[in-house]
Amino acid sequence: MSERETFGSKMGAILAAAGSAVGLGNVWRFPIETGQNGGAAYIIIYIGCIILMGFPVMISEFIVGKFSHSNTAGAFQKLAPGTQWKWVGRIGVFTGFLIICYYAIVAGWTMEYTFLSIANQFDGKSVNDYAPMFNELSANPWKSVLWTTLAFLVTFYVIARGVQKGIEKYSKILMPTLFIITVILVVCSVNLPGAGAGIDFLVRPDFSKINGKVVLSALGQAFYSLSLGMGCLITYASYFNDSTNIRKTALNVCFIDTFIAVMAGFIIFPAVFDAGYSLQPEDIGPSLIFITLPNVFQQSFASAPFLGYLFAVLFYLLLFVAAVTSMLSLHEVVTAYLHDEFNINRKKAATLVTVVCIILGAVCSLSFGVLKDFHIFGLTLFDLFDTTSSNILLPISGLLTSIFVGWYLDKRIEHESWNMKPLSKRIIRFTIRYLVPLFIIAIFLNQFDLL
Ligand code: TRP
């Protein structure tokens, strides 16, 4: 068997993992959760969740990947030969496959909106035009299938090139681009005349909104945002070379992800407040990004249309870049699995994954039009993929991964290799063994209103 590829540099490893973490979750979920749950108070709780839970779980995924040098399913098999633990990895691969299918649809929309904004299609539209526009686009079967397919093809283009020449090279281009766009958008947004109220809202904590439910949802958001629970980071860590420091890499990734999420708040809220719009509970996910915000941008920049034009183009480009780098990691989980476990060469494995995903993703994308009345367990296909993966499979595989690392692997991997000070190691071990499993169970029960 040929030598396994590794990332060529420490920076490459950090940017690739940060690319996985920074995604739609940062831009379309985090700001709105912040908005509904007490502004800065929520941000403080969220950062607490990242430090106390997200960081240790990320470390454990990195350990599994780095010490097995294997894809997610292979990793469990290698570290626990002859046991049933391999199923945890397999569930992870399957979960990644489901997530990428619905994620690509949204990535497709962001691509479409990037082009629409470049073509100045929002010009002259008024508040009531945006909902019909988005509904028409998402219901149109040809457009949905086309954009979903394009999102997959972009992903395929990178993945087929391999770890160093594909994932690492493009992460090194795309992540700095994403960072620069973020900074430009923040500067534009906070300088809007009515931005003050939005900024105020983001920095003045309102702790009266914080309760157990909010904490659990912040924790769920932290896990999702860091791409934890299904082995994206296990797969990427399997490409770390021996000199990669797990702790430093995890610290960097947690920091970058949180920074971009908070900055997304500083892009969205000043503009929203400036436009005099008050966010509604339904302004979450697609409707925030594709209906509310185009209108907000149009209004906020009414006196400087060119700036408004640029703002919209950059905003959708930002979303697209964030979505694609996350898709890379999801695609890689499945591709690496086929490549390693079935000895299929990388290009063929990537092609196979892409073709199957395009077919499933395309069918799923019809959930907003032709197939909107086709329900399984009362859910459209899109919602079924989303709910099954995010609400059921992710918590299950995240829980089992932490039990695996905390209880099974703990006795078998030399602690020196953790590369950590004794006290931090003790805290992290305690978190992974007791706190993480407990909280994941709580999140799981809470989302079904059982807690
Ligand atoms: N973290 C990404 C986001 O914020 C999404 C994502 C990529 C993900 N890979 C994942 C979520 C694995 C959970 C598990 O949008």
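Refer to the structure printed above.
Since this is a predicted model, take the numbers as computed values, not measurements.

Calculation notes
Residues numbered from 1 in each chain as written. Predicted model: local features only at pLDDT ≥ 70, side-chain atom pairs only at ≥ 80, totals over all residues. Heavy atoms only, no water. Core = buried A, V, L, I, M, F, W, Y, C linked by side-chain atoms within 4.5 Å. Buried < 20%, exposed > 50% of the residue type's maximum accessible area, 1.4 Å probe, protein only. Helix = DSSP H or I, 4+ residues; strand = E, 2+ residues; numbered from the N terminus. Contact = heavy atoms within 4.5 Å. Salt bridge = Lys/Arg side-chain N within 4 Å of Asp/Glu carboxyl O. Patch = residues over 30% accessible without salt bridge, like charges linked within 9 Å, V, L, I, M, F, W, Y side chains within 5 Å. Areas by Shrake-Rupley, 256 points an atom, 1.4 Å probe, with all protein chains shown as cover. Expected span 1.5 Å × (residues − 1). Polar contact = N/O pair within 3.5 Å; in protein donor to acceptor, adjacent residues only side chain to side chain. Phe/Tyr/Trp six-rings, centres within 6.5 Å; stacked < 30°, edge-to-face > 60°. Lys NZ or Arg CZ within 6 Å of the ring centre and 35° of its normal. Near = heavy atom within 4 Å. Nonpolar A, V, L, I, M, F, W, Y, C, P; charged D, E, K, R; others polar. Axes fitted to C-alpha atoms, helices over the stretch in contact; angles between N-to-C directions. Parallel < 35°, antiparallel > 145°, perpendicular 65-115°, else oblique. Left-handed = near helix turned anticlockwise from the far one by under 90°.

Remarks on the nonpolar core
Logical step 1: Ranked by size, the top nonpolar core spans 154 residues in total, and within it Phe-315 and Phe-404 carry the most contacts.
Logical step 2: When residues in this core are grouped by element, the largest group, 18 residues, is from helix 14 (residues 305-341).
Logical step 3: Residues within four places of Phe-315 in sequence aside, it is in contact with Val-27, Leu-185, Ile-267, Ile-268, Ile-289, Leu-293 and Phe-297.

Structural notes on the pattern of salt bridges
Working definition: two side chains of opposite charge can pair if their charged atoms are close together.
Logical step 1: Scanning the entire structure with this criterion turns up 10 salt bridges.
Logical step 2: The salt bridge partner of Glu-33 is Arg-29, with a shortest N-O separation of 2.8 Å. Of this pair, Glu-33 and Arg-29 both sit in helix 2 (residues 24-36), 4 residues apart, roughly one helical turn.
Logical step 3: You can call Glu-33 buried: its relative accessible area is 6%.
Logical step 4: The partner of Lys-213 in a salt bridge is Asp-449, and the shortest N-O contact between them spans 3.3 Å. In this pair, Lys-213 sits in helix 10 (residues 212-225) while Asp-449 sits in the segment after helix 17 (422-447), placing the two residues 236 residues apart along the sequence.
Logical step 5: By relative accessible area, which is 43% here, Lys-213 ends up partly exposed.
Logical step 6: Each of the salt bridges in this network shares a partner with another, and the network as a whole consists of Asp-410, Arg-429 and Arg-433.

Some thoughts on a nonpolar patch on the surface
Logical step 1: A grouping of Phe-179, Ile-180, Val-183, Ile-184 and Val-187 is seen on the molecular surface, where their side chains present a nonpolar patch of about 410 Å² in accessible area.
Logical step 2: With respect to the helices and strands, Ile-184 occurs in helix 8 (residues 163-190).
Logical step 3: Look at Ile-184 and you get partly exposed, because its relative accessible area is 38%.

What to know about helix 10
Logical step 1: Relative to the 20 Å expected for 14 residues at 1.5 Å per residue, helix 10 spans 20 Å between its end C-alpha atoms, a close match to the ideal helical length.
Logical step 2: Residues of helix 10 that are buried include every one of Val-214, Leu-216, Ala-218, Leu-219, Gln-221, Ala-222, Phe-223 and Ser-225, and no others.
Logical step 3: Its buried side turned inward, helix 10 meets helix 1 (10-21), helix 2, helix 3 (40-68), helix 12 (246-274) and helix 17.
Logical step 4: Residue Asn-211 occupies the N-cap position of helix 10, its side-chain oxygen lying 3.1 Å from the main-chain nitrogen of Lys-213.

Let's talk about the packing of aromatic side chains
Logical step 1: Here the structure, examined in full by the defined rule, presents 41 aromatic pairs.
Logical step 2: Between Trp-109 and Phe-290, the aromatic rings sit 5.7 Å apart at their centres with planes inclined by 80°, giving edge-to-face as the arrangement. One end of the pair, Trp-109, is in helix 5 (residues 86-118); the other, Phe-290, is in helix 13 (residues 286-300), and 181 residues separate them in sequence.
Logical step 3: Assessed through its relative accessible area of 4%, Trp-109 is described here as buried.
Logical step 4: Given the relative accessible area of 0%, Phe-290 is considered buried.
Logical step 5: Both rings, one in Phe-297 and one in Phe-315, keep their centres 5.1 Å apart while their planes meet at 75°; by these two values the pair is edge-to-face. Of this pair, Phe-297 sits in helix 13 while Phe-315 sits in helix 14, and the two are 18 residues apart along the sequence.
Logical step 6: Looking at Phe-297, the relative accessible area reads 2%, which means it is buried.
Logical step 7: Seen from the ring of Tyr-157, Arg-161 lies directly overhead, with NZ or CZ sitting 3.9 Å from the centre.

Description of the site of the ligand
Logical step 1: If you check the shell around the ligand, you find 17 residues, and the closest are Ala-21, Gly-25, Tyr-103, Tyr-224 and Ser-227.
Logical step 2: One of the backbone N or O atoms of Ser-225 is found 3.1 Å from a nitrogen atom in the ligand.
Logical step 3: Look at the ligand: alone it shows 360 Å² of surface, and the protein chains cover 100% of it.
Logical step 4: For the shell around the ligand, the per-class residue count stands at 9 nonpolar, 8 polar and no charged.

Some thoughts on the environment of Leu-150
Logical step 1: Structurally, the position occupied by Leu-150 is in helix 7 (residues 141-159).
Logical step 2: It is 36 Å that separates the C-alpha atoms of Leu-150 and Leu-202, two residues lying 52 residues apart in sequence.

Thoughts on the packing of helix 13 against helix 14
Logical step 1: Relative orientation of the contacting elements helix 13 and helix 14 amounts to 150°, with a least axis distance of 10 Å. What the angle tells us is that helix 13 and helix 14 run roughly antiparallel. Regarding helix 13 and helix 14, the two cross each other, and that crossing is right-handed. Residues Ile-289, Phe-290, Leu-293, Pro-294 and Phe-297 of helix 13 form the contact with helix 14, whose participating residues are Phe-311, Ala-312, Phe-315, Tyr-316 and Leu-319.
Logical step 2: Among the residues forming the contact of helix 13 with helix 14, the class breakdown is 10 nonpolar, no polar and no charged.

Bear in mind that shape data such as this cannot, by itself, settle questions of function.
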